[in-house]
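Examining the three-dimensional arrangement
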Amino acid sequence: MGKVLSARDLQKAFLAGANQLNAKKDLINELNVFPVPDGDTGTNMTMTILSAAKEVAKIEGGSLKEICKAMSSGSLRGARGNSGVILSQLIRGFTKELLEVKEVDSIVLAKAFQRAVETAYKAVMKPKEGTILTVAKGMADKIMELSLTEEEILPLLEKVVAHGDEVLKKTPEMLPVLKEAGVVDSGGAGLMCVLEGALRSLQGEKIELDLEFKEDSGVSALTGERKSRGEISTADIRFGYCTEFMVNGDHPFSDEEVEKLRDYLSGIGDSIVCFSDEDLIKVHVHTNHPGDAFEKGLTLGYLSKMKVDNMRLEHHEVLIEDASRIAAMEKLEEQPKEAGASKESEPAEEKDFGFVAVCSGDGLRDIFLDLGVDQVVSGGQSMNPSTEDLCAAVEKIHAKHVFILPNNKNILLAAQQVKDILEDRSVSVVPSKTIPQGISAMISFQPEGTVEENQEGMEDSLSMVSSGEITYAVRDTSIDGREIHKGDILFLGDQGLLSAEKSISLAMKEGLEKMGEGEILSLYYGEGVTEEEAKALEKEILEYMPNLEVEVHAGGQAVYYYLLSLE
């Protein structure tokens, strides 16, 4: 390598960095402590960089400019979550500097690191020390210092990466929440995974690339012992909704337009990331009024890729057993690897409406098929299908219009992207966030209605049902002042934790009392629960709620003992 980094060196290093992050993403996820606004950091960063890596991998004998453009555009389109957006901006700034040169020596490399940091900091309204930005800035400052005397690329980067590790170790002293949980910053750790993978490639290590997103069951060795994520209080969540969207304009946005939008967002929230790329503005903000952010964006253009997550509710979800998730994934992998299960073969004539639904469990699959769903895609909590899976399911349906029922808030974004990819198909998403909501939507469907009428009717039906889930705690913690112990049975409702008891019976009783009013209760029992146990629970419920009509169904879902629907 010597004193110049070639286009081929950069390509191999970038792919190796993406590969390393993909392999270690679950270890990065374990560092997420509080809050949980965008899903897991490791997952978001990995999906961002893999989007770029797959484009970079296609290039054969490409120039430095071609590789940099693929890195930048791929990461921008694939960016998701706060950490993913910042990573994409680091890549964008880094590659912009390289686009302007004929060769990459130590001085150019140092300038690229500096520009990467400047670009990322500019995109974030109120940068916090102790984050991925701090780690990136530490390396940028170090490489600028060393490049004045060190001309050889490899020893230069070895010292820079070592310094990055040292900065990462100091992040708990910069952010109290990290120190409380006993971990380093997850975004910074993800960035170091990328740099360490790239360095290994430049050192000549032969790396087997695997750029397919896969689960990893490793145990974190990054931090040693730490506290449970569930022990972190939600009291510090000042702004409750993580809001993301893209503004699409008919002209390249000026710095002034972007700055005005940033200023407005700073008045209604924090954790702001706002940057433009030609005729596109990507926005991330934590706010109590997502609608206000959307309305402001609409003054500049039309919106796409809109996403809103309730951070307080997501914080409760860290109680779900990691081992259960892994077991569920293993069970899912044993099933036939196809986009979905079809009730019948493709009809000879095109029908007016078709349906795709997402769920886990043979019983729930059969229920959706019986309600008229054409394709059932396997997935759910902690088993989110990809946009590609949903596209494949839509493509199998011979209908003029296809409705997609994601049945999980973490699948909404992937579902919404289908209509952007399948531009020749008429597709819409019914934003069902639970299985009961999806079932309610299918029941409300009117075959004689128009697309618009059914979209409105199915969406209206979502608010007519209350949903519940019963699972168990995997660690001692405290939520909203309530002490919870490992093994306790948890009853989760639409608004978070409703009950935590020592048995399913006790948790069910308290949870139902808090769930709200209704006349019909549907119980969907999961794998590991027998029909006899479900019937016995039904009998208990009728003893203290005799006016309630209870229906018991085999759901077969993983992770949850019972899913509940109250209407």
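The model shown is predicted, which means the values in this text are computed figures rather than measured ones.

A short note on the overall build of the protein
Each helix and strand counted, the protein has 20 helices and 17 strands in total. Taking all 567 residues of the protein together, the buried fraction comes to 55%. Sequence-distant contacts in the protein: of pairs separated by 6 or more residues, those separated by 24 or more amount to 72%. Summed over its atoms, the accessible surface of the protein is roughly 25,200 Å², and 49% of this surface lies on carbon and sulfur atoms.

Digging into the packing of aromatic side chains
Aromatic rings considered in pairs are described by the distance between their centres and by the relative angle of their planes. Inspection of the entire model under this criterion finds seven aromatic pairs. Centre to centre, the rings of Phe-245 and Phe-294 are 5.3 Å apart; their planes meet at 70 degrees, and the pair counts as edge-to-face. One end of the pair, Phe-245, is in strand S1 (residues 241–248); the other, Phe-294, is in helix H11 (residues 290–298), with 49 residues separating them in the sequence. Summarising the aromatic geometry, the rings of Phe-353 and Phe-445 are spaced 5.3 Å apart at their centres and angled 80 degrees between planes, so their arrangement reads as edge-to-face. Of this pair, Phe-353 sits in strand S6 (residues 351–359) while Phe-445 sits in the loop between helix H17 (435–444) and helix H18 (451–461); the two residues are 92 residues apart in sequence, bridging distant segments of the chain. Across this residue pair, the class does not change: Phe-353 and Phe-445 are buried. An aromatic cluster is present here, built from Phe-353, Phe-355, Phe-403 and Phe-445 joined pairwise through their rings. Geometry around Tyr-264 places Lys-296 over its ring, the cationic atom sitting 5.2 Å from the centre.

Quick word on a negative patch on the surface
On the surface, Glu-448, Glu-452, Glu-453, Glu-456, Glu-459 and Asp-460 cluster together into a negatively charged patch. Note that Asp-460 resides in helix H18.

Focus: unusual backbone geometry
For Lys-305, which is not glycine, the phi dihedral falls at a positive 50 degrees. Tracing the sequence through the fold places Lys-305 in strand S4 (residues 302–310). Within the chain, Asn-407 stands out as a residue other than glycine whose phi angle is a positive 60 degrees. Counting through the fold element by element, Asn-407 comes out in the loop between strand S8 (399–405) and helix H16 (412–421).

Observations concerning the sheet that holds strand S3 (residues 280–287)
What the four strands build is an open sheet, ordered S2-S3-S1-S4; its pairing is antiparallel. Edge positions in the sheet fall to strand S2 (269–277) and S4, since each has one partner strand and no second. Shown here is a sheet whose adjacent strand axes are inclined to one another by a mean of 10 degrees, direction ignored. Most of the contacts of H11 go to S1, to which it runs at about 10 degrees, and overall it touches S1, S3 and S4.

A few points about the pattern of salt bridges
Counting across every chain of the model gives 18 salt bridges. The salt bridge partner of Glu-259 is Arg-262, with a shortest N-O separation of 2.9 Å. In this pair, Glu-259 and Arg-262 both sit in helix H10 (residues 255–266), three residues apart, roughly one turn of the helix. Using a relative accessible area of 37% as the deciding quantity, one classes Glu-259 as partly exposed. Shared partners join several salt bridges into a network, and the residues in it are Asp-362, Arg-365 and Asp-366.

A few points about the pairing of strand S14 (residues 496–501)
Put simply, side chains in a regular strand alternate between the two faces of the sheet. Buried residues dominate S14, accounting for five of its six residues. As paired strands, strand S13 (residues 489–493) and S14 are joined by five bridges and run antiparallel to one another. Considered in S14, the bridge of Leu-492 is made with Leu-497. What sits between the antiparallel neighbours S13 and S14 is a turn of two residues.

A closer look at helix H9 (residues 186–202)
In a regular helix each residue adds 1.5 Å, so 17 residues correspond to 24 Å; H9 covers 25 Å between its end C-alpha atoms and thus fits that length. Of all the 17 residues making up H9, 15 are buried; the element is thus mostly covered by neighbouring parts of the structure. A distance of 3.2 Å separates the backbone nitrogen of Gly-187 from a side-chain oxygen at the start of H9, and that oxygen is part of Asp-185. A positive phi of about 95 degrees marks Gly-204, the residue just after H9.

Details of the pairing of strand S16 (residues 549–554)
Two elements, strand S15 (residues 520–525) and S16, share six bridges in a ladder whose sense is parallel. When the sheet's bridge partners are listed, Leu-523 is paired in S16 with Val-552. Regarding topology, helix H20 (residues 531–544) serves as the crossover connection from S15 to the parallel S16, and that connection is right-handed.

Brief notes about the confidence of the model for the protein
Note that predicted coordinates carrying low pLDDT should not be read in detail. On average, residues of the protein score 82 in pLDDT, and 82% of them reach the 70 mark or higher. Considering only residues more than four positions removed or in separate chains, one finds that residues 33–39, a stretch of pLDDT under 50, has 33 contacts. Per-residue pLDDT stays below 50 along residues 216–235; that stretch engages in 52 contacts with residues further than four places along the chain or on separate chains.

Comments concerning the nonpolar core
Of all hydrophobic cores here, the largest spans 73 residues; its most connected members are Leu-10, Leu-98, Leu-109, Phe-113 and Leu-191. In this structure Phe-113 touches Phe-94, Met-139, Ala-140, Ile-143, Leu-157, Val-160 and Leu-195, once residues within four positions along its chain are discounted. The next biggest cluster of nonpolar side chains, apart from the first, holds 25 residues, and it includes Ile-367, Leu-405, Met-442 and Tyr-560.

Here's the deal with the sheet that holds strand S10 (residues 466–472)
One key point about sheets: their strands pair by backbone hydrogen bonds, in either a parallel or an antiparallel sense. If you walk across this open sheet you meet the six strands as S14-S13-S10-S17-S15-S16, and the pairing is mixed. Two strands lie at the open edges of the sheet, namely S14 and S16, each paired on one side alone. Ignoring strand direction, the axes of neighbouring strands in this sheet form an average angle of 20 degrees. Bridge count between S10 and strand S17 (residues 562–566): five bridges; the pairing is antiparallel. Along S17, the bridge assignment pairs Ile-470 with Tyr-562.

What counts, and where the lines are drawn
Residues numbered from 1 in each chain as written. Predicted model: local features only at pLDDT ≥ 70, side-chain atom pairs only at ≥ 80, totals over all residues. Heavy atoms only, no water. Helix = DSSP H or I, 4+ residues; strand = E, 2+ residues; numbered from the N terminus. Buried < 20%, exposed > 50% of the residue type's maximum accessible area, 1.4 Å probe, protein only. Contact = heavy atoms within 4.5 Å. Areas by Shrake-Rupley, 256 points an atom, 1.4 Å probe, with all protein chains shown as cover. Phe/Tyr/Trp six-rings, centres within 6.5 Å; stacked < 30°, edge-to-face > 60°. Lys NZ or Arg CZ within 6 Å of the ring centre and 35° of its normal. Patch = residues over 30% accessible without salt bridge, like charges linked within 9 Å, V, L, I, M, F, W, Y side chains within 5 Å. Salt bridge = Lys/Arg side-chain N within 4 Å of Asp/Glu carboxyl O. Lys, Arg positive; Asp, Glu negative; His and termini not counted. Charge placed at Lys NZ, Arg CZ, Asp CG, Glu CD. Pairing = 2+ DSSP bridges. Axes fitted to C-alpha atoms, helices over the stretch in contact; angles between N-to-C directions. Expected span 1.5 Å × (residues − 1). Polar contact = N/O pair within 3.5 Å; in protein donor to acceptor, adjacent residues only side chain to side chain. Right-handed = clockwise from strand over helix to strand, strands pointing away. pLDDT = per-residue confidence, 0-100. Core = buried A, V, L, I, M, F, W, Y, C linked by side-chain atoms within 4.5 Å.

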